[in-house]
Amino acid sequence: MEKGRREERSVISRIGLSFLKKINLSFLQHMEEKEISPEEFFLLTTKELITKLGISQNHDFDTLNREEAYNRAKKEFEAIRRHNIQPLFILDEDYPSRLAEIEDAPVILYKLGDADLESEHIVSVVGTRKPTPYGVEFCNRFLSDTGDYFPDAIIVSGLAYGVDAAAHTKALEKGLSTVAVMAHGLNMIYPAAHRNLAKEIIRNGGAILSEYPFGTTPYKPHFLARNRIVAGISDVTVVVESNIKGGAMSTANFAFVYNREVMALPGRSTDELSSGCNLLIRKNKARLIECVADMIEATGWQPLNIPVTPNQRNLFPELEGKSRKIYEILQYSKEPVQIDNICQLTGLPASKLNAILNELEFEGVITRYPGNRYSI
């Protein structure tokens, strides 16, 4: 019984920390260094806490402030316990390791469902709320192929109308686990029309996630904030149709800042819903994606023993001699390589190198970037 109470106090203390301003990963790591547990944080007097932490008074961790947070956490604990919601604390082992890498990760992440957030392959799929048939067809084909090559893949999105719902639905049809990141407390589902979809996600081994406590209602800034979770919890963010402004672009920018792979479906320059994707590609913030082979190329993931059949170009070209050497140089570089560097590494004269590069570019094996830089 006493052990159970200690565990309960431990969880409440962790939730209580999330209710205090200025508490983030950096501060919590400082607490660890000073050997102050979450429970001690709420038991020490203000003077003891400040002295032990070695901080100034302006952190505003007075006793009343902490008592209020702890009491609020007790109510939160009772609510989530009734609904089988799991609180994941950022310093604990069960917190998603990818998400813990970002500076602004939430202190507490609430999880309802069984999805494995440490799966080897996690892909976020985002886009407009009003996709065209072109976007929906790509989304369905991409997720179907992803399921063939990576049956352990987790598909992450935001349960919104349009691309989000299409991604969750196709993932379920393919037997993939899927995760919905919400912008409100887990006592509700927004939009309400997707309640059944949310139930199917949980029933089929997926999960619903939120950083927001029970009872928090949808609020516009919350939707933008949750986009960092969609980006941070995955390896790759795929943007399927987006205007220049919108939630999908926000998610893509978060992923870019977090040094995650960003991929965007290109479209015609006259199509407004492709303008965001085209901009991401043009600004070198995203790689172009037309099929799952493009994602495999970008990530270096090893698919199951199923041949990869890209639509328009050879993903693993059968090259020989100097062409193969150039390909291997570009293959193992994370950034586009200057032509001068390629020249030094291959020992080829500029005229011969240019001829080979032009041929490889024409065949679609490599891509030329401004400033005579190349990548595959």
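Whatever comes next refers back to the structure up there.
Bear in mind that the values here come from a model prediction, so they are computed numbers and not experimental data.

Visitor: For this particular structure, what's the right way to read a negative patch on the surface?
Guide: Together, Asp116, Glu118, Glu120 and Asp152 give the surface a local cluster of negative charge. Within the secondary structure, glutamate 120 sits in the loop between β2 (108-113) and β3 (122-127). Note on glutamate 120: relative accessible area 58%, which makes it exposed.

Visitor: What exactly am I supposed to notice about the sheet that holds strand β11 (residues 367-369) here?
Guide: Strand pairing in a sheet takes place through backbone hydrogen bonds and is either antiparallel or parallel in direction. The sheet built from 3 strands is open, its strands ordered β10-β12-β11 with antiparallel pairing. Single-partner strands in this sheet number two, and they are β10 (337-338) and β11. Pairing geometry for β11 and strand β12 (residues 373-375), over 3 bridges, is antiparallel. Considered in β12, the bridge of arginine 368 is made with tyrosine 374.

Visitor: Looking at this structure, I do not really get the nonpolar core. What am I missing?
Guide: It is characteristic of soluble globular proteins that their nonpolar side chains tend to be buried jointly. By size, the foremost hydrophobic cluster in this structure holds 73 residues, and its most contacted members are Ile23, Phe41 and Val179. Per-element tally for this core: the top contributor is helix α5 (residues 63-82), with 5 residues. If you look at the next biggest cluster of nonpolar residues, it comprises 26 residues, including Val123, Leu143, Ala167 and Ala171.

Visitor: Hey, could you run me through the pattern of salt bridges in this one?
Guide: Where side chains of opposite charge bring their charged atoms close, a pairing between them can arise. All chains considered together, the criterion is met by 16 salt bridges. Here lysine 174 makes a salt bridge to aspartate 148, at a shortest N to O gap of 2.8 Å. In this pair, lysine 174 sits in the loop between α8 (163-173) and β5 (177-181) while aspartate 148 sits in helix α7 (residues 133-149), placing the two residues 26 residues apart along the sequence. Judged by relative accessible area, lysine 174 falls into the partly exposed class, the value being 30%. Between glutamate 261 and arginine 287 there is a salt bridge, and its shortest N-O distance comes to 3.5 Å. Of the two residues, glutamate 261 is situated in strand β8 (residues 261-264) and arginine 287 in strand β9 (residues 287-288); the sequence distance between them amounts to 26 residues. Salt bridges sharing partners connect three or more residues here, namely Glu8, Glu78 and Arg81.

Visitor: Sorry if this is basic, but what is going on with the sheet that holds strand β6 (residues 207-210) here?
Guide: Ordered by their spatial adjacency, 9 strands build an open sheet running β1-β2-β6-β5-β4-β3-β7-β8-β9, and the pairing between neighbours is mixed. This sheet does not close on itself; its edge strands, each paired only once, are β1 (86-89) and β9.

Visitor: Is there a simple way to think about the side chain of arginine 260 in this case?
Guide: Note that arginine 260 resides in the loop between α11 (247-257) and β8. Looking at arginine 260, its side chain comes within polar contact range of the main-chain oxygen of arginine 98, at 3.1 Å. At 2.6 Å, the side chain of arginine 260 and the backbone oxygen of glycine 232 are in polar contact. Sequence-distant contacts of arginine 260, that is, excluding residues within four places in its chain, are made with Arg98, Glu101, Ile102, Ala231, Gly232, Ile233, Ser234, Asp235 and Ala255.

Visitor: Which parts of the structure should I look at to understand the packing of α7 against helix α13 (residues 292-299)?
Guide: The geometry of α7 relative to α13 is characterised by a closest axis approach of 9 Å and an angle of 55 degrees between their N-to-C directions. What the angle tells us is that α7 and α13 run oblique. Contacts between α7 and α13 pair Phe142, Asp145, Thr146 and Tyr149 from the former with Val292, Met295 and Ile296 from the latter. Residue composition of the contact of α7 with α13, by class: 5 nonpolar, 1 polar and 1 charged.

Visitor: Explanation requested: the state of the cysteines in the structure shown.
Guide: A covalent bond between the sulfur atoms of two cysteines is what we call a disulfide. Counted according to the given criterion, the structure contains 0 disulfides. In this model cysteine 277 remains outside any disulfide bridge; the closest cysteine sulfur is found in cysteine 139, 12 Å from its own.

Visitor: Explain helix α2 (residues 25-33) to me, please; I cannot follow it from the model alone.
Guide: Turning to α2, its buried residues number three or more, namely Leu25, Phe27, Leu28 and Met31. Down the axis of α2, the sector holding all buried residues measures 165 degrees, keeping them to one side. Opposite the buried face of α2, at more than 90 degrees from it, the exposed residues are Ser26 and Glu33. One side-chain oxygen at the N-terminal end of α2 lies 3.3 Å from the backbone nitrogen of serine 26; it belongs to asparagine 24. A positive phi of about 60 degrees marks glutamate 35, the residue just after α2.

Visitor: Which parts of the structure should I look at to understand the packing of aromatic side chains?
Guide: Working definition: an aromatic ring pair is given by the centre-to-centre distance plus the angle between the planes. Using the criterion set out here, one finds 6 aromatic pairs in the structure. Taken together, a centroid distance of 5.4 Å and an interplanar angle of 75 degrees make the contact between phenylalanine 150 and tryptophan 301 edge-to-face. With a gap of 151 residues between them, phenylalanine 150 in the loop between α7 and β4 (154-157) and tryptophan 301 in the loop between α13 and α14 (321-331) connect regions that are remote in the sequence. For phenylalanine 150, a relative accessible area of 2% puts it in the buried group. According to the relative accessible area criterion, tryptophan 301 is buried, its value standing at 12%. Aromatic rings pair up to connect Phe41, Phe42 and Tyr70 into one cluster. Arginine 66 extends its terminal NZ or CZ atom over the ring of phenylalanine 41, reaching a point 5.9 Å from the ring centre.

So, how was this worked out
Residues numbered from 1 in each chain as written. Predicted model: local features only at pLDDT ≥ 70, side-chain atom pairs only at ≥ 80, totals over all residues. Heavy atoms only, no water. Patch = residues over 30% accessible without salt bridge, like charges linked within 9 Å, V, L, I, M, F, W, Y side chains within 5 Å. Areas by Shrake-Rupley, 256 points an atom, 1.4 Å probe, with all protein chains shown as cover. Salt bridge = Lys/Arg side-chain N within 4 Å of Asp/Glu carboxyl O. Lys, Arg positive; Asp, Glu negative; His and termini not counted. Charge placed at Lys NZ, Arg CZ, Asp CG, Glu CD. Helix = DSSP H or I, 4+ residues; strand = E, 2+ residues; numbered from the N terminus. Buried < 20%, exposed > 50% of the residue type's maximum accessible area, 1.4 Å probe, protein only. Pairing = 2+ DSSP bridges. Core = buried A, V, L, I, M, F, W, Y, C linked by side-chain atoms within 4.5 Å. Polar contact = N/O pair within 3.5 Å; in protein donor to acceptor, adjacent residues only side chain to side chain. Contact = heavy atoms within 4.5 Å. Axes fitted to C-alpha atoms, helices over the stretch in contact; angles between N-to-C directions. Parallel < 35°, antiparallel > 145°, perpendicular 65-115°, else oblique. Nonpolar A, V, L, I, M, F, W, Y, C, P; charged D, E, K, R; others polar. Disulfide = S-S within 2.5 Å. Arc of directions from axis to C-beta. Phe/Tyr/Trp six-rings, centres within 6.5 Å; stacked < 30°, edge-to-face > 60°. Lys NZ or Arg CZ within 6 Å of the ring centre and 35° of its normal.

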